[in-house]
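This is what each chain is made of:
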Amino acid sequence: MAKLLLGCIADDFTGATDLANNLVRAGMRVVQAIGVPATPLDANVDAVVVALKSRTIAPAEAIARSLDALRWLQAQGAQQIYFKYCSTFDSTPEGNIGPVTEALMEALGCEFTIATPAFPDNKRTVFKGYLFAGDVLLNESGMQNHPLTPMTDPNLVRVLQAQCQRKVGLIDHAVVARGAAAISERIEQLKSEGVSIAIVDAVSNDDLLRLGPAIAKMPLLTAGSGVAIGLPANFGLAPSSQASALPPAGGLRAVVSGSCSLATNRQVLDFIQRGGAALAIDPLRIAAGVDVVAETLAWAAPLVAKQPVLVYSTAEAGAIKSVQSRLGVEKAGAMVERTIAAIARGLVELGVRQLVVAGGETSGACVQALGIAQMQIGPQIDPGVPWCHARTDVAEGTPVHIALKSGNFGGDDFFTKAFTVLA
Ligand code: ADP
């Protein structure tokens, strides 16, 4: 059996990558699994992050999927379990952070755990139990208007208590600042008061590094991705380039982009201005029944043999609105995602082995179209976006290097820089 140290359960796909990336930078070799794997782990890694899509589904369903993930991770020998949610504590009044935490505690026989969304690198800090996004409280950050998980109360002790049967308490900054021994002492005090889940204050990476040793023996941790930076040291691991080593890259290079964020618009423009070979996809031609996939692959075939190509539906807000008003928001989105995913698959069939995908939803569609079940996490291109290495189901298992960039991530030169990082 593989020697798995940390088993992670993430409640969404890009959040899983975010956590995996933090663990790699802190010194762990990490695989991200898309859903609960059907087979045992076949990689020699320190941590696995199982990416679920359980943030906004019914609590009972989220519990069932999380327990499935737990059982698989335990079967791989995981020594500690990490339940990862969003650093803005995205949840509804029913959950799913509270119910999933309690179900995992029950299954693990765990009498005490932490809840720590703080991620100072991303400007998410917790003080006196109150969550800040940048310089404002959570409920003034825009999250109060989130369509699925509106966050109207910044006090996390209150928010989590409303979702839990067990008693929720606080380890405040005055304690965290004094270090691991003080945190451990506070945990014993909270336990004697009947508390079994504690929100932990953290306003800096130093706070998270002080927290690390105090939670080394907890069977279950629940957190955003920030807490990850303090964990590898508990297993005797330190940051090293070995953690992000991937097999050597080869083959042809391509970028597909379905993201319409401001950052991605700049990245497409930058690639074109540098003289890159690029082709725009027109959603209205897809809707009119033109075989845009075949047309694009015919365009790409002679070019991609010589240089990286970019295929994009990326457009500015005005153009998107006009397409959406003619086709409907969901129909337009799903149609473009399907088309780009089919193009990504066609490009791999043409010999592309280094593929950059821009767009969160677009990434999900491409990973699915390529039949990717597990990805080994490699070196970071820009904050939050690592290269990964994965087996596809093209020609029964062609391996590719793939980078999945969600909307606003990456500098303007991302589509050029990505390939130099791999070289
Ligand atoms: P991001 O990470 O930037 O949010 P996503 O891939 O998650 O990117 O979402 C972008 C959505 O916009 C996808 O559903 C995609 O199919 C859709 N889309 C992309 N290009 C266009 C376009 N030109 N017109 C309409 N919708 C588009």
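Above: the structure in question.
It should be emphasised that the depicted structure is a prediction, and the values quoted were computed from it without experimental measurement. Within each chain, residues carry numbers counting from 1 in the order of the written sequence. Under the rules for a predicted model, residues below a pLDDT of 70 receive no local features and side-chain atom pairs below 80 are neither given nor counted, while totals for whole chains, interfaces and linings still include all residues. Side-chain metrics in this entry use all non-hydrogen atoms of the structure; hydrogen atoms and water are not considered.

(A) Highlighting the site of the ligand. Close to the ligand lie 17 residues; Ser259, Gly333, Glu337, Glu361 and Thr362 are nearest. Separating an oxygen atom of the ligand from a side-chain N or O atom of Glu337 is a distance of 2.5 Å. Within 3.5 Å is the distance limit for a polar contact, defined as a pair of N or O atoms, with the added protein rule that one can donate a hydrogen and the other accept it, and that residues adjacent in sequence qualify only through two side-chain atoms. Within the backbone of Gly360, one N or O atom sits 2.8 Å away from an oxygen atom of the ligand. Shrake-Rupley sampling with a 1.4 Å probe provides the accessible areas, and residues are treated as covered by the protein chains on show and by no other component. Taken by itself the ligand offers 570 Å² of open surface, and the protein chains cover 81% of this. Under the DSSP-based scheme used, a helix requires at least four consecutive residues in state H or I and a strand at least two consecutive residues in state E, with every element numbered from the N terminus. When contributions to the shell around the ligand are tallied by element, the ones reaching two or more residues are helix H11 (317-327), helix H12 (329-349) and helix H13 (360-369). Amino acid classes used here: Ala, Val, Leu, Ile, Met, Phe, Trp, Tyr, Cys and Pro are nonpolar; Asp, Glu, Lys and Arg are charged; the rest, including Gly, are polar. Here the shell around the ligand is composed, by residue class, of five nonpolar, ten polar and two charged. Nearness is defined per residue: one heavy atom within 4 Å of the molecule or strand is enough.

(B) Structural view of H13. Between buried and exposed lies partly exposed: a residue is buried under 20% and exposed over 50% of the maximum accessible area for its type, with that area taken using a 1.4 Å probe on protein chains only. Buried residues of H13: Thr362, Ser363, Ala365, Cys366 and Val367, and no others. Contact between two residues is taken to exist if any of their heavy atoms lie within 4.5 Å; hydrogens are not considered. Buried residues in H13 make contact with helix H1 (13-25), strand E2 (30-34), strand E12 (252-257), H12, strand E15 (352-358) and strand E18 (399-405). Positive phi shows up at Gly371, right after H13, with a value of about 65°.

(C) Fine view of helix H7 (residues 205-214). What H7 keeps buried is the set Asp207, Leu208, Leu211, Gly212 and Ala214. What you see down the axis of H7 is that its buried residues fit within an arc of 165°, all on one side. Considering only its buried residues, H7 is in contact with strand E5 (113-116), helix H5 (173-176), helix H6 (180-192) and strand E10 (195-200). As used here, the arc is the angular range of directions from the helix axis to the C-beta atoms.

(D) Spotlight on the packing of aromatic side chains. Only Phe, Tyr and Trp rings take part, Trp by its six-membered ring, and two of them pair if their centres are within 6.5 Å. Stacked means planes under 30 degrees apart, edge-to-face means over 60, and tilted covers everything else. Summed over all chains, the structure comprises four aromatic pairs. The interplanar angle of 75° and the centroid separation of 5.4 Å between the aromatic rings of Phe83 and Tyr85 together place this pair among those described as edge-to-face. With relative accessibility at 0%, the residue Tyr85 sits in the buried group. With a centroid separation of 6.2 Å and an interplanar angle of 80°, the aromatic rings of Phe414 and Phe415 are classed as edge-to-face. On the basis of relative accessibility, which here comes to 1%, the residue Phe415 falls in the buried class.

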